[in-house]
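The residues making up each chain are set out below.
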Amino acid sequence: MKKIAFLFVAVLLFSSHDMFLKQSSHFLSQNTASTIELFNGTFEESDNIITRDRMIDASLVGNGKRTKIDTSQWTDQGKTTILNFTTGEAGTWIAGVSTRARNIEMDSEAFNRYLEHDGVLDMIAWRKENNAMNEAAIEKYSKHVKTIFQVGDTRTDDWNVELGYPIEFIPLSNPYELKVGEELAVKLLFQGEPLANQLVYIGSDAAHGHSHDHDHADGEDHDHSHGTTQLRTDANGQLRMKVTEAGEWYLRTINLVLSEEEGLTHESNWATLTFEVQEEEQEIMAEQQADNQSDGFPSYVFVIGGLVMLLVLFLIVRKR
């Protein structure tokens, strides 16, 4: 019976992996009703909702101001939790969610499978080196996720605001000034300090659709089956990721360590960051569309006005 209970817990754990804040588009108009989806599962699919009592913090940051998200702004749609909000003025914005810690108990087999499944390679290596593969685990875990999105075409510095989560990714430049083929430098903080030699997985919605068969530089280790890249932070807690194609990109990591807290064996803090990179043609079209708007009037208004003026001038000249 105990074995069945352990396997049941393992199934629950395997169906609730990473957490991501996702959007159908990270490029939004000013002062408009919008939504952000909170996935708890994989990057492609949410396996269950997040109840409001699990959220220690939910915030929006933009135009130099951090706003607490009210619980009434969340709704549930199937297995996905939806944030409903209205965008503010133009700028680069952040949304973040930090969850309350929970404990989970696993036998050795379930724990080892979980570590392998979610790519916690350092703990697997430690257990092998210390003959601990047969030891059960009681793990305390919490998740801390962020997304960066662009409202309008004005870039602001809100993208680098630290939310103070136990673990979080901070870009070192604005992702919305990034073009395909360029690199983005990111730092990883744990308890406000740089986290060195931490394994980080990087992927995109496009990468999950196919495998990469070509060689990669910079010593990157690619997981062909899941379309992700493995990188490690340097001594300063930083890494550089190359954006190889347009789409929604993510970074994810699990910092799992031994715990000295009574009743626990391990503690983990999970972090993800999502943002979007457009094709250069899309970016040019977006800028042109923004340039064609003035004082809230669409471009066709000015085209029609210009034609009317030409017609009036023609009639005046003809009459004379």
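Only a predicted model underlies this, so the values are computations on that prediction, with no experimental measurement involved. (Residues numbered from 1 in each chain as written. Predicted model: local features only at pLDDT ≥ 70, side-chain atom pairs only at ≥ 80, totals over all residues. Heavy atoms only, no water.)

*Asks:* Break down unusual backbone geometry for me, citing the residues and quoting the values.
*Replies:* Positive phi values are uncommon outside glycine, yet N31 reaches one of about 50 degrees. As for its position among the elements, N31 is in the loop between β2 (27-28) and β3 (33-41). A relative accessible area of 46% places N31 in the partly exposed class. (Helix = DSSP H or I, 4+ residues; strand = E, 2+ residues; numbered from the N terminus. Buried < 20%, exposed > 50% of the residue type's maximum accessible area, 1.4 Å probe, protein only.)

*Asks:* Describe the packing of aromatic side chains, naming the residues involved and giving the relevant values.
*Replies:* For the coordinates displayed, the defined rule picks out eight aromatic pairs. Pairing F43 with Y250 gives two aromatic rings, centres 4.4 Å apart and planes at 40 degrees, and the pair type is tilted. Here the residue F43 occupies a position in the loop between β3 and β4 (55-62), and Y250 occupies one in strand β18 (residues 247-258), the gap between them amounting to 207 residues. Exposure remark for F43: the relative accessible area of 3% places this residue in the buried category. Three or more aromatic residues joined by ring pairs form one cluster here, namely F20, F43 and Y250. Directly above the ring of F43 sits K22, whose terminal nitrogen or CZ lies 3.9 Å from the centroid. (Phe/Tyr/Trp six-rings, centres within 6.5 Å; stacked < 30°, edge-to-face > 60°. Lys NZ or Arg CZ within 6 Å of the ring centre and 35° of its normal.)

*Asks:* Describe the nonpolar core, naming the residues involved and giving the relevant values.
*Replies:* For soluble globular proteins, nonpolar side chains are generally found buried alongside one another. Residues F149, M241, L251 and F275 are the most contacted members of the largest nonpolar core, which totals 45 residues. If near-sequence neighbours (up to four positions away) are discounted, F149 is found in contact with Q23, H26, L28, I36, L60, F85, G91, T92, W93, I94, A95 and Y176. (Core = buried A, V, L, I, M, F, W, Y, C linked by side-chain atoms within 4.5 Å. Contact = heavy atoms within 4.5 Å.)

*Asks:* Before we move on, can you summarise the side chain of R127 with the specific residues and values?
*Replies:* Within the element layout of this structure, R127 appears in helix α3 (residues 121-129). Buried charge R127 goes without a salt bridge, the closest partner of opposite sign being E135 at 5.1 Å. Non-local contacts of R127, meaning those with residues more than four positions away in its chain, are made with S108, F111, N112, L115, A132, M133, N134, E135 and H266. (Lys, Arg positive; Asp, Glu negative; His and termini not counted. Salt bridge = Lys/Arg side-chain N within 4 Å of Asp/Glu carboxyl O.)

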